[in-house]
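# Per-entry structural report
So you can see what is in the structure, the chains are spelled out below.
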Amino acid sequence: MTSLEDLPIRDDLRGRSPYGAPQKSVPVALNVNENTHPIPEDVAHDIVARVAAAILRLNRYPDREFTELREALAGYLGHGLTPEHIWAANGSNEVLQHLLQAFGGPGRSALGFEPTYSMYGLLASGTGTRWVTAPRDDDFELGPEAAVAAVLEHDPDLVLMCAPNNPTGTPLDLDTIRAVADVARGIVIVDEAYFEFAEPGTPSALTLLEGRPRLVVSRTMSKAFAFAGARVGYLAGDPATIDALRLVRLPYHLSALTQAAALGALAHADEMLAMVDEIRGQRVRLSAELARLGFAPYRSGSNFVLFGGVDDPHAVFEALLARGILIRDLGIRGHLRVTAGTEAETTAFLEAIAVFAPERAAGAAENRIDA
Ligand SMILES: *Cc1c(COP(=O)(O)O)cnc(C)c1O
């Protein structure tokens, strides 16, 4: 059998590992920050009707400019955005790839603040862009001074800021984004994949777009919108920046079926997002309960919680998996990440993790001393 080593693969891809979050069929899957609530049945029926109509026209290529979808996305985002400000692709990962293809590439660099979304580094390597990183502080926060210092030090062609940050959940102040946009000479990407889960009233980086043509804000329908399987991500930015993405996208990259399905979901945005408050409530519950158990959860503005205080993350991950509960071991020492699910899923996780609670271990130690 041929191995990768035997193939004339690009030198810069040798020895790399692909994206590999485990995909397992388990009763409680809380590992990739999906919305674990199924989409409402009446919405599903409308989507099916729209997809059925699109199927009858599949002999023709889809609208290459996905004009109707850009109109619907601009309407959803508000902030005075028009279809000319909108781009979309098969997941926001593809949107980010378009940005790296257009503005990165060989001899260019992209800067991120680790730990952050692992796909940034992979998309950089896939496009031959050098991936450079700067650290977050001890609480995984990112303030304006540290961010600006990193931009000045590395002078990147692109800056990727995840707000709130995956895998830490950390919200990002607009102050930091503003300060980075002021000093960066390249494209500044704010990835708001989890924006809808932020505390109500949290301002979006969309409010900063006016007058900043190199700033772009990406969003996705994969998380709050409960549409991960459909693969729809999008971006708002200056129309000229979006013209640059037209140079690198494949023609007709958004299939007629994807466009029809996304339009159906957006037509029912309120219903699709109806579970967001409930999920945010479960995330608040996760943070409170994990703290009560003696773990160290980080501040989260998303639908997941990263927590420290785990003696052996791999062992805990495996023990929970044996009980049908899949969470995420990111290889951050002493830490695990869990997605807020339905109330029942969150309860199942909290009951299972309680066995490994530092409080319990400390209590047991005290008891031993007493005895
Ligand atoms: C999940 C996630 C995305 C979404 O990816 P899609 O390709 O839209 O499914 C983007 N950015 C971050 C940080 C994520 O966690």
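Residues numbered from 1 in each chain as written. Predicted model: local features only at pLDDT ≥ 70, side-chain atom pairs only at ≥ 80, totals over all residues. Heavy atoms only, no water.

## Some remarks on the overall build of the chain
Selection rule: Each helix corresponds to a stretch of at least 4 residues labelled H or I by DSSP, and each strand to a stretch of at least 2 residues labelled E; elements are numbered beginning at the N terminus. Two things to know: the radius of gyration comes from C-alpha atoms, and the globule rule equals 2.2 Å times the number of residues to the power 0.38. We call a residue buried when its accessible area falls under 20% of the maximum for its residue type, exposed when it is over 50%, and partly exposed in between, using a 1.4 Å probe and counting protein chains only. The contact criterion used throughout is that any non-hydrogen atoms of two residues lie within 4.5 Å. Method for areas: the Shrake-Rupley scheme with a 1.4 Å probe, in which residue coverage is limited to the protein chains shown. His is not counted, nor are the chain ends; Lys and Arg add positive charge and Asp and Glu add negative charge. The atoms used to mark charge sites are NZ of Lys, CZ of Arg, CG of Asp and CD of Glu.
Within the chain one finds 13 helices and twelve strands. The C-alpha atoms of the chain give a radius of gyration of 22 Å, which matches the 21 Å a tight globule of 371 residues would have. Along the first, second and third principal axes, the C-alpha atoms of the chain reach 75 × 55 × 50 Å. When burial is assessed residue by residue, the chain has 51% of its 371 residues classed as buried. In the chain, once contacts between residues fewer than 6 apart in sequence are set aside, the share between residues at least 24 apart is 74%. Surface summary for the chain: the accessible area is close to 17000 Å², and the carbon and sulfur share equals 53%. Distance between charge centres in the chain, computed from 32 positive and 48 negative side chains, equals 5 Å.

## Concerning unusual backbone geometry
Cis geometry is found at the peptide bond from glutamate 114 to proline 115, where omega equals 0°. Its location among the elements puts proline 115 in the loop between β3 (109–114) and α4 (118–126). Here the bond from asparagine 166 into proline 167 is cis, since omega is 15°, no more than 30 degrees from zero. By the element assignment, proline 167 lies in the loop between β5 (158–162) and α6 (174–183). A positive phi angle, near 35°, is found at phenylalanine 66, a position not held by glycine. Mapped onto the fold, phenylalanine 66 is located in the loop between α1 (41–55) and α2 (67–77). Even without being glycine, arginine 231 reaches a positive phi, approximately 65°. Along the chain, the position of arginine 231 falls in the loop between β7 (215–220) and β8 (233–236).

## Structural notes on the domain arrangement of the chain
As a reminder of what qualifies: Throughout the structure description, domain borders are defined by an automatic or database domain assignment. Salt-bridge detection follows one rule: a side-chain nitrogen of Lys or Arg within 4 Å of a carboxyl oxygen of Asp or Glu. Pairing of N or O atoms within 3.5 Å defines a polar contact, subject to two protein rules: one partner must be a possible hydrogen donor and the other a possible acceptor, and residues neighboring in sequence count only if both atoms are side-chain atoms.
When its domains are assigned, the chain resolves into domain 1 (22–39 + 273–370) and domain 2 (41–267). A C-alpha centroid distance of 28 Å is found between domain 1 and domain 2. Tallying the contact residues gives 23 residues for domain 1 and 29 residues for domain 2. Between domain 1 and domain 2 we count two salt bridges in total. Measuring nitrogen to oxygen at the nearest pair gives 3.0 Å for the salt bridge that ties arginine 299 to glutamate 141. Remark: the boundary between domain 1 and domain 2 carries nine residue pairs in polar contact (both at pLDDT 80 or more). Residue contributions to the side of domain 1 that touches domain 2 peak at four residues, all from helix α10 (residues 276–292).

## A word on the sheet that holds β5
Condition: Two strands are counted as paired when DSSP detects at least two bridges linking them. Only the contacting stretch of a helix is used when fitting its axis, a line to C-alpha atoms as for every element, and angles between N-to-C directions run 0 to 180 degrees.
In spatial order, the strands read β2-β8-β7-β6-β5-β3-β4; together these seven strands make up an open sheet with mixed pairing. Strand pairing shows two members of the sheet lacking a second neighbour, β2 (86–89) and β4 (130–135), which therefore form its edges. If you compare each strand with its neighbour and ignore which way they point, the axes differ by 25° on average. Across four bridges, the pairing between β2 and β8 is antiparallel. Residue isoleucine 86 lies in a different strand from β8, and its bridge partner there is alanine 236.

## Things to note about a negative patch on the surface
To keep things clear, this is the line we draw: Two distance rules govern patches: like charges are joined within 9 Å, and nonpolar side chains (Val, Leu, Ile, Met, Phe, Trp, Tyr) within 5 Å, applied only to residues with over 30% relative accessible area and no salt bridge.
Negative charge collects at one region of the surface, where Glu41, Asp42, Asp270 and Glu271 lie side by side. When contributions to the negative patch are tallied by element, the ones reaching two or more residues are α1 and α9 (269–272). Summarising the element assignment, glutamate 271 is placed in helix α9. Accessibility expressed as a relative area gives 31% for glutamate 271, which makes it partly exposed.

## A look at the environment of phenylalanine 113
You can see phenylalanine 113 is positioned in strand β3. Taking C-alpha positions, phenylalanine 113 is 21 Å from threonine 202, a pair spaced 89 residues apart along the chain. With residues near it in sequence (within four places) discarded, phenylalanine 113 still touches Ala134, Arg136, Leu142, Ala147, Ala150, Val159, Leu160 and Met161.

## Re the nonpolar core
Grouped burial of nonpolar side chains is what soluble globular proteins tend to show. Here is the rule we go by: Residues belong to one nonpolar core when they are buried, are Ala, Val, Leu, Ile, Met, Phe, Trp, Tyr or Cys, and are joined through side-chain atoms within 4.5 Å.
One finds Phe349 and Ile353 to be the most contacted residues of the largest nonpolar core, which totals 106 residues. Among the elements that take part in this core, helix α8 (residues 256–267) stands out by supplying six residues, more than any other. No fewer than three residues from each of domain 1 (22–39 + 273–370) and domain 2 (41–267) sit in this core. In this structure isoleucine 353 touches Leu290, Leu293, Phe295, Phe307, Val316 and Leu320, once residues within four positions along its chain are discounted.

## Things to note about the packing of aromatic side chains
Quick reminder of the rule: For Phe, Tyr and Trp, rings pair up if their centres lie within 6.5 Å, where Trp contributes its six-membered ring, and each pair is then called stacked (planes under 30 degrees apart), edge-to-face (over 60) or tilted (otherwise).
Counting across every chain of the model gives nine aromatic pairs. Ring geometry for tyrosine 61 versus tyrosine 252: centroids 4.1 Å apart, planes at 10°, classification stacked. Of the two residues, tyrosine 61 sits in the loop between α1 and α2 while tyrosine 252 sits in the loop between α7 (239–246) and α8, which places them 191 residues apart along the sequence. A relative accessible area of 28% places tyrosine 252 in the partly exposed class. Ring plane angle 65° and centroid distance 5.2 Å describe the contact between phenylalanine 66 and tryptophan 87, whose orientation is recorded as edge-to-face. One end of the pair, phenylalanine 66, is in the loop between α1 and α2; the other, tryptophan 87, is in strand β2, and 21 residues separate them in sequence. Phenylalanine 66 gets classed as buried once you look at its relative accessible area, which sits at 0%. Three or more aromatic residues joined by ring pairs make a cluster, and in this case those are Tyr117, Tyr120 and Trp131.

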